[in-house]
Amino acid sequence: MAGSNGHDGARPVLGVGMVGYAFMGAAHSQGWRTVGHVFDLPLTPSLAAICGRDASGVRAAADRLGWAAAETDWRALIARDDVDLVDICTPGDSHAEIAVAALEAGKHVLCEKPLANSVEEAEVMAEAAERAAANGQLAMVGFNYRRVPAIALARRMVADGRIGTLRHVRAHYLQDWLVDPAFPLTWRLQRPHAGSGALGDLGAHAVDLAQYLAGEPVTGVSALTETFVRERPLLDGASSGLSAAGGGDAGTGPVTVDDAALFTGRFASGALASFEATRFAAGRKNALTIELNGSHGTLAFDLERLNELSFHDHTEPAERAGFRRILATEPEHPYLEAWWPPGHGLGYEHTFTHQARDLVTAIAEGAQPHPSFADGLQVQRVLAAVEESAAKNSVYTPIPA
Ligand SMILES: NC(=O)c1ccc[n+]([C@@H]2O[C@H](COP(=O)([O-])OP(=O)(O)OC[C@H]3O[C@@H](n4cnc5c(N)ncnc54)[C@H](O)[C@@H]3O)[C@@H](O)[C@H]2O)c1
């Protein structure tokens, strides 16, 4: 299927079709638009068609974001001959249906996180991905923070043994856009659409990063969750990403997801982890921080300073040891060879370019891209165990392998 849509010069074309055109739709479009101009790719992605339910809205989005065609039904998008890969940027309630249909139609799939709204849905998706892989169609989950150069560097350093035996992982993902109780009841606050709250939205990223950096899965958790504001104004305007046109006189409705989730966990190796996910941390805008402590040292990262990685080498003599700031902008650092001179810095949007680069490369090579749907299912199992533990007075809840 890769490159079935002709050639662009010497390179076969990979036709991309995207569903959803708001926050992630814009971010992924940026990635697809830029990737072929920054990286030397084996396939040339083309922005074939974008899909949304509102005809005039999706047409305007196609023009604004650079897509050749617009569709109002995702089934029609999947059926298009010029679409080789379906990129799912919708809320979690539609991920499973779209992804399974796309894979069964012989398309590659990129699906936003969390993979699904339940373990059951994620299992169906992972099974569909496994069947499709046997026919050469590949599926990946959009845990884009793996593509921050400093995070990819941290993974390389852990794998190289630079922090030794892992003892602790401390992962926090903090935002503050729900502090105002007048913020309206968008889909992110409704379980049927979002699956869970801060847990699935933010905690999913923290869990994926912790497992990716540690190189091993979390095997059990003990959790607390809370919904601080249980009733919110109904949305009477549009919403996109983390913003919404205010709740007016339309009444109120119940918040049916968690506002915050705190949990501890164990890794198979015996290392311990602690996690915090909230949208009520006033002043914290997009503070995804993760620290790993090992027998030989510590690595620490903060998404609000994403070009930097802190490293303490505990094998150095005490009189000289201490944290040092690695500015992850050298050509030797992951992804950086293709970008700007040292010190010129990358941002949030580049993670989507890197995500597209890694997926296109894997498709061209016929290699399974990561995070796979199986990886996404494993994260979903951690999220489900957190909810189960929180519902049972924080009882330690093992995660099935
Ligand atoms: N990787 C990240 O950093 C990150 C950040 C934000 C959101 N996300 C994830 O991306 C997904 C989308 O979130 P968002 O913030 O972009 O939401 P959003 O509300 O900004 O956009 C959702 C889009 O999906 C469209 N849509 C919904 N149902 C549809 C359907 N059945 N058919 C066609 N279009 C449909 C909406 O019209 C809208 O265009 C979620 O799974 C979310 O968890 C990931």
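Predicted model, so just to flag it, every value in this text is computed and none were measured.

**Student:** Hey, could you run me through the overall build of the protein chain in this one?
**Tutor:** If you tally the helices and strands in the protein chain, you get 10 helices and 20 strands. The C-alpha radius of gyration computed for the protein chain amounts to 21 Å, which stays within 12% of the reference 21 Å derived for 401 residues, consistent with globular compactness. Each principal axis of the C-alpha distribution contributes one length, and for the protein chain these read about 60 × 55 × 40 Å. In the protein chain, the share of contacts with a sequence separation of at least 24, taken over all contacts with a separation of at least 6, comes to 70%.

**Student:** Would you mind going over the UniProt feature "domain: Gfo/Idh/MocA-like oxidoreductase N-terminal" (unreviewed entry) in the protein chain with me for this structure?
**Tutor:** Residues annotated by UniProt as "domain: Gfo/Idh/MocA-like oxidoreductase N-terminal" (unreviewed entry) correspond here to residues 15-132. Annotated as 48% helix and 20% strand, the span residues 15-132 places its first and last C-alpha atoms 18 Å apart.

**Student:** How should I be thinking about the nonpolar core in this particular structure?
**Tutor:** Generally speaking, soluble globular proteins have nonpolar side chains that are buried together. Membership of the largest hydrophobic core comes to 113 residues, with the highest contact counts inside it found for Ile50, Val86, Ala99, Met125, Ala206, Ala210 and Val386. Among the elements that line this core, the one with the most residues is helix 8 (residues 198-214), at 11 residues. Counting residues domain by domain, this core receives three or more from each of domain 1 (7-144) and domain 2 (149-305 + 307-346 + 378-391). If sequence neighbours within four positions are ignored, Val386 has contacts with Leu199, Val221, Ala223, Ala261 and Phe263. If you look at the next biggest cluster of nonpolar residues, it comprises nine residues, including Leu178, Phe183, Leu185 and Ala194.

**Student:** I tried to follow the environment of Ala182 on my own but got confused; where do I start?
**Tutor:** Assignment of secondary structure puts Ala182 in the loop between strand 8 (166-174) and helix 7 (191-194). For Ala182, a count of 9 C-beta atoms within 10 Å gives the class exposed. Residues Ala182 and Glu231, 49 residues apart in the sequence, show an inter-C-alpha distance of 9.3 Å.

**Student:** What's the story with the domain arrangement of the protein chain in this structure? I'm lost.
**Tutor:** Interfaces are frequently sized by the accessible area removed from exposure as the parts join. According to the domain assignment, the protein chain consists of domain 1 (7-144) and domain 2 (149-305 + 307-346 + 378-391). Here the C-alpha centre of domain 2 lies 25 Å away from the C-alpha centre of domain 1. Opposite the 16 residues of domain 1 that make contact, domain 2 presents 18 residues. Of all the elements in the fold, those that place two or more residues in the side of domain 1 that touches domain 2 are helix 1 (23-38) and helix 5 (119-134). Considering only residue class, the side of domain 1 that touches domain 2 consists of 11 nonpolar, three polar and two charged.

**Student:** Before we go on, may I ask you to explain unusual backbone geometry in this structure?
**Tutor:** Cis geometry is found at the peptide bond from Lys113 to Pro114, where omega equals -20°. Across the junction of His370 and Pro371, the peptide omega takes the value 0°, indicating a cis bond. Located in the positive-phi region is Asn393, a residue other than glycine, with phi close to 55°. Relative to the helices and strands, Asn393 resides in the loop between helix 10 (373-391) and strand 20 (397-398). For Asn393, a count of 8 C-beta atoms within 10 Å corresponds to the exposed category.

**Student:** Explain the pairing of strand 19 (residues 323-327) here, please?
**Tutor:** Looking down a regular strand, the side chains alternate between one sheet face and the other. Counting buried positions over the five residues of strand 19 gives zero, only a small fraction of the element. Here strand 18 (residues 308-313) runs beside strand 19; their pairing, made up of five bridges, is antiparallel. What sits directly across from Ser310, in strand 19, is Arg325.

**Student:** Just checking my understanding: could you explain the sheet that holds strand 18 for this structure?
**Tutor:** Hydrogen bonds between backbone groups are what pair the strands of a sheet, and the pairing can be parallel or antiparallel. With respect to topology, nine strands assemble into an open sheet ordered 19-18-17-16-8-15-14-9-20, the strand pairing being mixed. Single-partner strands in this sheet number two, and they are strand 19 and strand 20. Two elements, strand 14 (residues 260-267) and strand 15 (residues 272-278), share seven bridges in a ladder whose sense is antiparallel. Opposite Thr264, over in strand 15, you have Ser274 as the bridge partner. Here helix 6 (residues 149-159) sits on the sheet and contacts strand 16 (287-294), strand 17 (297-302) and strand 18; the angle it forms with strand 17, its principal contact strand, is near 165°.

**Student:** Would you mind showing me how to read the site of the ligand here?
**Tutor:** Looking at the ligand, there are 24 residues lining it, with Gly20, Ala22, Phe23, Met24 and Glu112 nearest. For the shell around the ligand, the elements supplying multiple residues, two or more each, are helix 1 and strand 11 (239-240). No other element matches the three residues that helix 1 contributes to the shell around the ligand. Partitioning the shell around the ligand into residue classes produces nine nonpolar, 11 polar and four charged. Looking at which domains feed residues into the shell around the ligand, each of domain 1 (7-144) and domain 2 (149-305 + 307-346 + 378-391) gives three or more.

**Student:** Just checking my understanding: could you explain the packing of helix 1 against helix 9 (residues 350-365) for this structure?
**Tutor:** Contact geometry for helix 1 and helix 9: axes closest at 7 Å, N-to-C directions at 65°. The crossing of helix 1 and helix 9 is right-handed. Between helix 1 and helix 9, the contacting residues are Ala27, His28, Gln30, Gly31, Trp32, Thr34, Val35 and Val38 on the first element and Phe352, Thr353, Gln355, Ala356, Arg357 and Val360 on the second. In terms of residue class, the contact of helix 1 with helix 9 is made up of seven nonpolar, six polar and one charged.

Rules used in this analysis
- Note on numbering: residues in each chain are counted from 1, in written sequence order.
- Whole-chain, interface and lining totals are the exception, using all residues; otherwise, since this is a predicted model, local features are given only for residues with pLDDT of at least 70 and side-chain atom pairs are given and counted only at 80 or more.
- Under the scheme used here, helices are H or I runs from DSSP no shorter than 4 residues and strands are E runs no shorter than 2 residues, and both carry numbers assigned from the N terminus.
- For the radius of gyration, the atoms used are the C-alpha atoms, and the globule rule reads 2.2 Å times the number of residues raised to 0.38.
- It is the C-beta atoms, placed from the backbone, that decide contacts: two residues are in contact if theirs lie within 7 Å.
- UniProt positions are given in the numbering used here, feature names are shortened, and annotations may be inferred rather than shown by experiment.
- One nonpolar core equals one set of buried Ala, Val, Leu, Ile, Met, Phe, Trp, Tyr and Cys residues connected by C-beta atoms within 7 Å.
- Between the buried cut of 20 or more and the exposed cut of 12 or fewer other C-beta atoms within 10 Å of a residue's own C-beta lies the partly exposed class, and all C-beta atoms are placed from the backbone.
- An automatic or database domain assignment supplies the start and end points of every domain.
- Residues are grouped as follows: Ala, Val, Leu, Ile, Met, Phe, Trp, Tyr, Cys and Pro are nonpolar; Asp, Glu, Lys and Arg are charged; every other residue, Gly included, is polar.
- Only when DSSP finds a minimum of two bridges between them are two strands counted as paired.
- Only the stretch in contact is used when fitting a helix axis, every axis being a line fitted to C-alpha atoms; angles between N-to-C directions are given from 0 to 180 degrees.
- Any residue whose C-beta atom, as placed from the backbone, lies within 6 Å of a molecule or strand is termed near it.
- The hand of a helix crossing depends on one turn: near helix anticlockwise from the far one by less than a right angle means left-handed, and clockwise means right-handed.

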